[in-house]
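Results of the structural survey
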Amino acid sequence: MSKKYFIQTFGCQQNTADSERIASQYEARGFVLARSLEEADTLVVNTCIVRDRAEEKVYGLVQNLREKAKRGPGDLHIVITGCLVGAAAREPSGKLMKRMKSRLPNEEFLPMEDVGFEHEPKRATGKMASIVISNGCNNFCAFCIVPFSRGKERSRPFGEILHEVQEAVEAGKTEVVLLGQNVNSYGADFLMEKIKEGAEYELPSGKKVKPVMVKHLGRHRIPTLFPYLLEAVAEIPGVEKVSFLSANPWDFSDELIDVIAKHPNIDRYLHLPIQAGSDKIIKAMNRWYTRDEYLALIERIQVKVPDVEFTTDIIVGFPGETREDFEATLDIVRRVKFTKAFVAWYSPRPGTAALKMPDDIDIHEKKRRFTELDHLILRLSGREHLIEKMGKTGAERVSE
Ligand code: SF4
């Protein structure tokens, strides 16, 4: 009888896409999907470390899962993968990995780098296919653990991505989401390794193109292929909608805007993380744009793509954020009128640059700013009806 696997996934859309690849690897080895944890011979836990105390939570979770499955290590093999394993594998002292191995002596640790792209991902039902185009990030925003957990940015080959989209369409998918930590620098890694500056790149179609240069991290220009990739995906027959996550403001080229404007099947909801509205805080976050540059980019996009709507990510209460800095965030929110914003209050993460900064905003003040901003976004996006509901939870959180 075939062995059965079960995957428990935490975190973002990229982790979900990674789990689809893990599933395809198990199936290629003859495993079948268990309907529940209780039925599984192998359980894969795909971890996220964006939340607080991630490491402790994984230890507790493994213990709970073993209790729930009512089976010991001989009967249930548990595999830990995802961001926690990535961070542990890259931590120079090796202490985190050593601690994890001693706390979880019977479990296997699987770095995502060991899970290849050779099998078609086992996709969820529905019309949407998530396609990973790159993994990792070179940006080192001060608050973010991703460059440590996923390592340096690595782009998948252009043709391999198109092939995966084609396969997804043939399997009945009509919507494609291109995923990466920084999609709009797609290709920079292999272009810089293999192609001299100014040289042309041959697309799988045979067309030769000049890579699009973008001003990256305020210091240098890098070549990217994202506008060409997005266009090639949008032109695949059967792709009714294509979106991408996440694009960073500093790599968003005019060529990319032109491609979006030209193809109506490219999603008009654009996610463009601002994180903060004050130049002082944006700089402290090690992000390479000013509020004026961000607003100018929004305007350039609106001119060419009039039906565009923006969503964003914002952190309130970052170290050193004064009331005046926070007012600058409120101001930028009023100007852009984001349709949606994913707001978080700052909390330090191990290994990040911000950990060394004094976490000087009182938690109650962070939560007050969170609620104020949340309500403003709801009002501006015409969702006032949610304020009463959200307001209650906000108030509860403030009075904790
Ligand atoms: Fe993290 Fe910044 Fe990279 Fe996004 S761009 S993954 S926030 S380091």
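Residues numbered from 1 in each chain as written. Predicted model: local features only at pLDDT ≥ 70, side-chain atom pairs only at ≥ 80, totals over all residues. Heavy atoms only, no water.

Here the focus is the overall build of the chain. If you tally the helices and strands in the chain, you get 14 helices and 17 strands. Here the chain has a C-alpha radius of gyration of 22 Å; the compact-globule value for 400 residues is 21 Å, and the two agree. Taking the principal axes of the C-alpha coordinates as reference, the chain spans close to 60 × 60 × 45 Å. Out of the 400 residues belonging to the chain, those deemed buried represent 53%. Intrachain contacts of the chain at a sequence separation of at least 6 include 76% that bridge at least 24 residues. (Helix = DSSP H or I, 4+ residues; strand = E, 2+ residues; numbered from the N terminus. Rg over C-alpha atoms; globule rule 2.2 N^0.38 Å. Buried < 20%, exposed > 50% of the residue type's maximum accessible area, 1.4 Å probe, protein only. Contact = heavy atoms within 4.5 Å.)

Moving on to empty space enclosed by the protein. Applying the stated rule across the entire model yields two cavities of 30 Å³ or more. Taken as a whole, the largest cavity spans an internal volume of roughly 80 Å³. If you go around the largest cavity, the residues you meet are Asn15, Asp18, Gly82, Cys83, Gly86, Arg90, Pro111, Met112, Glu113, Asn135, Ser149 and Arg150. Mapped by element, the contributors of at least two residues to the lining of the largest cavity are α1 (13-28), α3 (83-90) and α5 (146-150). (1 Å grid on protein atoms, 1.4 Å probe; cavity = no way out; pocket = protein on both sides within 12 Å on 5 of 7 lines; lining within 4 Å. Points joined across faces, edges and corners; volume = space filled by probe spheres on them.)

Turning to the layout of surface pockets, a few remarks are in order. Looking at the second largest pocket, its volume works out to about 450 Å³. Around the second largest pocket, the lining is made up of 21 residues, and of these Ala87, Leu96, Ile145, Pro350 and Gly351 lie nearest the centre. Only α2 (54-69), α3 and α4 (95-103) provide two or more residues apiece to the lining of the second largest pocket.

Inspection of the secondary structure puts Asn135 in strand β7 (residues 134-135). Between the alpha carbons of Asn135 and Asn184 there is a distance of 12 Å; along the sequence they are 49 residues apart. Leave out the neighbours within four places in its chain, and Asn135 touches Gln14, Arg150, Lys152, Glu153, Arg154 and Gln181. A distance of 2.8 Å separates a polar atom in the side chain of Asn135 from a polar atom in the side chain of Arg150. (Polar contact = N/O pair within 3.5 Å; in protein donor to acceptor, adjacent residues only side chain to side chain.)

The next subject is the packing of helix α8 (residues 226-234) against helix α9 (residues 254-262). One way to put it is that α8 packs onto α9 with a least axis distance of 9 Å and a crossing angle of 10°. The pairing of α8 with α9 is recorded here as roughly parallel in orientation. Every pair of crossing elements has a handedness; the one defined by α8 and α9 is right-handed. Only Glu255, Leu256, Val259, Ile260 and Lys262 of α9 make contact with α8, whose side of the interface consists of Phe226, Pro227, Leu230 and Glu231. Across the contact of α8 with α9, the residue classes tally to six nonpolar, no polar and three charged. (Axes fitted to C-alpha atoms, helices over the stretch in contact; angles between N-to-C directions. Parallel < 35°, antiparallel > 145°, perpendicular 65-115°, else oblique. Left-handed = near helix turned anticlockwise from the far one by under 90°. Nonpolar A, V, L, I, M, F, W, Y, C, P; charged D, E, K, R; others polar.)

Moving on, we come to the site of the ligand. Around the ligand, the structure places Cys137, Asn139, Phe140, Cys141, Phe143, Cys144, Val146, Pro147, Gln181, Asn248 and Arg287. When the residues that make up the shell around the ligand are grouped by side-chain class, the tally is seven nonpolar, three polar and one charged. (Near = heavy atom within 4 Å.)

Glancing now at the pattern of salt bridges. Applying the stated criterion to the full structure yields 28 salt bridges. A salt bridge links Lys4 to Glu39, with the nearest nitrogen and oxygen atoms 3.4 Å apart. Here Glu39 lies in the loop between β2 (32-33) and β3 (42-47) and Lys4 lies in strand β1 (residues 4-9), a separation of 35 residues in the sequence. Using a relative accessible area of 22% as the deciding quantity, one classes Lys4 as partly exposed. Relative accessible area serves as the criterion here: at 24%, Glu39 is assigned to the partly exposed category. The salt bridge partner of Lys262 is Glu231, with a shortest N-O separation of 2.8 Å. Taken as a pair, Lys262 in helix α9 and Glu231 in helix α8 lie far apart in primary sequence, 31 residues in all. (Salt bridge = Lys/Arg side-chain N within 4 Å of Asp/Glu carboxyl O.)

On to the sheet that holds strand β5 (residues 108-110), then. One key point about sheets: their strands pair by backbone hydrogen bonds, in either a parallel or an antiparallel sense. Strand order in the open sheet formed by five strands is β2-β1-β3-β4-β5, and the pairing between neighbours is parallel. Two strands in the sheet have a free side with no partner beyond their single neighbour: β2 and β5. Lying over the sheet, α1 contacts β1, β2, β3 and β4 (77-82), oriented at roughly 170° with respect to β1. (Pairing = 2+ DSSP bridges.)

Another point: the sheet that holds strand β6 (residues 128-132). The parallel open sheet is built from three strands, whose spatial order is β6-β9-β14. If you trace the sheet from one side to the other, it starts and ends with β6 and β14 (241-245), each paired once. Pairs of neighbouring strands in the sheet enclose a mean axial angle of 20°, with direction left out of account. With five bridges joining them, β6 and strand β9 (residues 175-179) adopt parallel strand pairing.

So, on to the nonpolar core. As a rule of thumb, soluble globular proteins bury nonpolar side chains together. In this structure, Leu178, Phe226, Leu230, Phe244, Phe252 and Ile301 are the most contacted members of the largest nonpolar core, which totals 77 residues. In terms of residues, this core owes the most to one element, helix α6 (residues 158-170), which gives six residues. In this structure, Phe252 is in contact with Asn184, Phe244, Ala247, Ile257, Ile260, Leu270, Leu272, Leu297, Arg300 and Ile301, ignoring residues within four places of it in sequence. Among the nonpolar cores identified, the runner-up in size contains 27 residues, and Val45, Ala69, Cys83 and Ala88 belong to it. (Core = buried A, V, L, I, M, F, W, Y, C linked by side-chain atoms within 4.5 Å.)

The next point concerns the pairing of strand β17 (residues 340-345). Strand direction decides the pairing type here: strand β16 (residues 309-316) and β17, joined by six bridges, are parallel. Across the sheet, residue Ile314 finds its bridge partner in β17, namely Val343. Note that the unit made of β16, helix α12 (residues 323-336) and β17 has a crossover that is right-handed. (Right-handed = clockwise from strand over helix to strand, strands pointing away.)

Here we take up the packing of helix α11 (residues 291-304) against α12. Two numbers describe how α11 lies on α12: the axes approach to 11 Å, and their chain directions differ by 10°. Looking at the two axes, α11 sits roughly parallel to α12. Between α11 and α12, the contacting residues are Arg291, Tyr294, Leu295 and Ile298 on the first element and Ala328, Asp331, Ile332, Arg335 and Val336 on the second. Classifying every residue of the contact of α11 with α12 gives six nonpolar, no polar and three charged.

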